[in-house]
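# Descriptive analysis of the structure
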There are 2 protein chains.
Amino acid sequence: MPPSQPSPSLYTRISNDLRKRINAGEFSGAPLPSEASLAATYKTSRITVRKGLSELIQEGLIYADRPRGYFVRRRSPMIYRPQHGFGKQPPSPALDRFLAEMTELGREASQTIEVSVVPAPPIVRQRLELEEGELTAVRRRIRLLDGQPYLTNDSYYPYGLVKGSDEIMSPADIPRGANAVLAELGHQQGLTVHEYEWRMPNPAEKARLDITPGTPVTEEILTGYTAAEVPVRCVINCLPGDRIKMVLEIEHTRT
Amino acid sequence: MPPSQPSPSLYTRISNDLRKRINAGEFSGAPLPSEASLAATYKTSRITVRKGLSELIQEGLIYADRPRGYFVRRRSPMIYRPQHGFGKQPPSPALDRFLAEMTELGREASQTIEVSVVPAPPIVRQRLELEEGELTAVRRRIRLLDGQPYLTNDSYYPYGLVKGSDEIMSPADIPRGANAVLAELGHQQGLTVHEYEWRMPNPAEKARLDITPGTPVTEEILTGYTAAEVPVRCVINCLPGDRIKMVLEIEHTRT
DNA sequence: GAGTGGTCTAGACCACGTA
DNA sequence: ACGTGGTCTAGACCACTCG
């Protein structure tokens, strides 16, 4: 029990009241009261009402659809399984390919792919254990569902390892997966290290993924090692929180 | 190349300018220019300046420390390894205990623990495959480092399974780990399913973890199954993005 | 006391979609 | 044409910390 708040501000009361009504399911489908009408009910100015509403926007609870009004956000995230593939169902032992699983669900999957050769950015360079200025081949992808982007996927490979591969270097889907190609080139991966950070998107990410206010992203960095512990692949994914849930299955190792 | 923006608003220009200067490292340690001085330089009102600054707050880039001014946020997240334990170093094969690893780093680790018996909340009930109203034992923990909370950890067990265990039911640390106790009771876990969602914290989480504006959280749900595929443990963790990075190591399963 | 950010007022004009 | 939210102005008073 906190010792009696120091009189919350008016906009806090407004956002608290609205949050309670939203969580009670009051505005499903219908817009929230307009700014003007809230200003009237709370006998305050529009600016104060807007401050209260903006709290709820930043929490990811509502959005403004001008000039229709404010609406409650609803989300139906897809399941992302970094061990396996994608799907919409709870965990199962299946491991299917991305496009197959998506169309199965009646949604139209598509992607854009760009391939280029660039000096390894610092984050990648460190993980691929390259020298400053060493080149990498990058496959940059945006994956979409029904036209909406839901994930960016940038895969980096040491250029020396893959420059002979038409598959890796061409901006087209690789049905059997890039990892199969790498294995064929003699770089079969064993262990993959997964790193995760979650934060608010920067303007570039906001634009690339068309991200709504109040939506954080997770940045996933995968580093793939061969059995000889040589890093051969570094993937940077950006996953918006309103469109993706992640699921893993892990064998218990500690007592 | 987007087709020439439709004249960005003034506050957008302010936040863009400041973001550029911040990323160039201009304000490390020193405060940003005050609202009043920004209003003067941009020949605008304080309110517009505040709108620009609030953009940067929501992105998690800066914070206001009244009445000293606005400062750039810096973060040094700790490494969370859900397979193993905690640490501050990049991935390694070590698997140590929480308190041991933390004190090793010269930071003071502590925690608060509350134990109670409650009807399983819906999320837990579904994962533990319980009927409505069935009881669970909950161990609710807040873990702190140097007095700052960095993780909440709520572990639920079917009450029938653990009611005989003094260790599980007492609000004290279990040095050998609760999983060892469960194993001793005949409920050794094999597979654990990990679920992850990231979003902005709700007010309760904000208060419990003392979360700063612009900081998202990841909600981690772990469900532990015995070899006979009986769920015996459901853990809900709340991980603030400014204090935690997560690292996993996964054996490659797909080609 | 001076300067900081936090809250709030009472207006104004605009762009946009819907009716 | 109307109502919506988006931007912006020019003030005001307050609580707090620091010198």
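### Some details on the pattern of salt bridges
Oppositely charged side chains can form a pair if their charged atoms are brought close together. Scanning the entire structure with this criterion turns up 36 salt bridges over all chains. A salt bridge links Arg21(B) to Glu26(B); its shortest N-O distance comes to 2.8 Å. For Asp154(B), the salt bridge identified is with Arg208(B), shortest N-O distance 3.0 Å. With Asp154(B) in strand β7 (residues 148-158) and Arg208(B) in helix α9 (residues 203-209), the pair connects residues that are 54 residues apart, well separated along the chain. Residue class for Asp154(B) comes out buried when judged on its relative accessible area of 9%. When salt bridges that share partners are traced, they join Arg127(A), Glu195(A), Glu197(A) and Lys245(B) into one network.

### Some points on the nonpolar core
Counting residues in hydrophobic clusters, the biggest one holds 26 residues, and the most contacted among them are Trp198(A), Ile244(A), Met246(A), Trp198(B), Ile244(B) and Met246(B). Contributing elements (two or more residues each) for this core: β3 (78-80), β7 (148-158), β8 (189-199) and β11 (244-251) of chain A together with β3 (78-80), β7, β8 (189-199) and β11 (244-251) of chain B. Apart from the residues lying within four places of it in its own chain, the contact partners of Ile244(B) are Trp198(A), Pro77(B), Met78(B), Tyr80(B), Tyr150(B), Leu151(B) and Leu239(B).

### Things to note about the relation of the copies chain A and chain B
Relating one copy of the chain to the other requires a rotation about an axis plus a shift along that axis. Screw-axis analysis of chain A against chain B gives a translation of 0.0 Å along the axis, an RMSD of 0.0 Å, and a rotation angle of 180°. Each copy turns onto its partner about a two-fold axis. Identified as the residue of chain A closest to the rotation axis by C-alpha distance is Pro216(A), at 3.1 Å. Of the residues that chain A buries at the interface, 100% are likewise interface residues in chain B, meaning the two copies contact each other through the same surface.

### Overview of the interface of chain A and chain B
On the chain B side, the residues contacting the 48 residues of chain A number 48 residues. Summed over both partners, the interface of chain A with chain B buries about 4500 Å², with 56% contributed by carbon and sulfur atoms. Where chain A touches chain B, the interface holds six salt bridges. Among the salt bridges present, the one from Glu59(B) reaches Lys206(A), with a minimum N-O distance of 3.7 Å. At the junction of chain A with chain B, the criterion picks out 10 residue pairs in polar contact (both at pLDDT 80 or more). Only α3 (46-58), α8 (178-184), β8, α9 (203-209), β9 (217-226), β10 (231-240) and β11 of chain A provide two or more residues apiece to the side of chain A that touches chain B. Broken down by element, the residue count for the side of chain A that touches chain B peaks at 11 residues, all from β8(A). In the side of chain A that touches chain B, the residues fall into 20 nonpolar, 15 polar and 13 charged. Examined bridge by bridge, β8(A) and β11(B) share six bridges and lie antiparallel to one another.

What counts as what
Residues numbered from 1 in each chain as written. Chains lettered and ligands numbered in written order. Predicted model: local features only at pLDDT ≥ 70, side-chain atom pairs only at ≥ 80, totals over all residues. Heavy atoms only, no water. Salt bridge = Lys/Arg side-chain N within 4 Å of Asp/Glu carboxyl O. Helix = DSSP H or I, 4+ residues; strand = E, 2+ residues; numbered from the N terminus. Buried < 20%, exposed > 50% of the residue type's maximum accessible area, 1.4 Å probe, protein only. Core = buried A, V, L, I, M, F, W, Y, C linked by side-chain atoms within 4.5 Å. Contact = heavy atoms within 4.5 Å. Least-squares fit on C-alpha atoms with pLDDT ≥ 70 in both. Buried area = accessible area lost by both parts, 1.4 Å probe. Polar contact = N/O pair within 3.5 Å; in protein donor to acceptor, adjacent residues only side chain to side chain. Nonpolar A, V, L, I, M, F, W, Y, C, P; charged D, E, K, R; others polar. Pairing = 2+ DSSP bridges.

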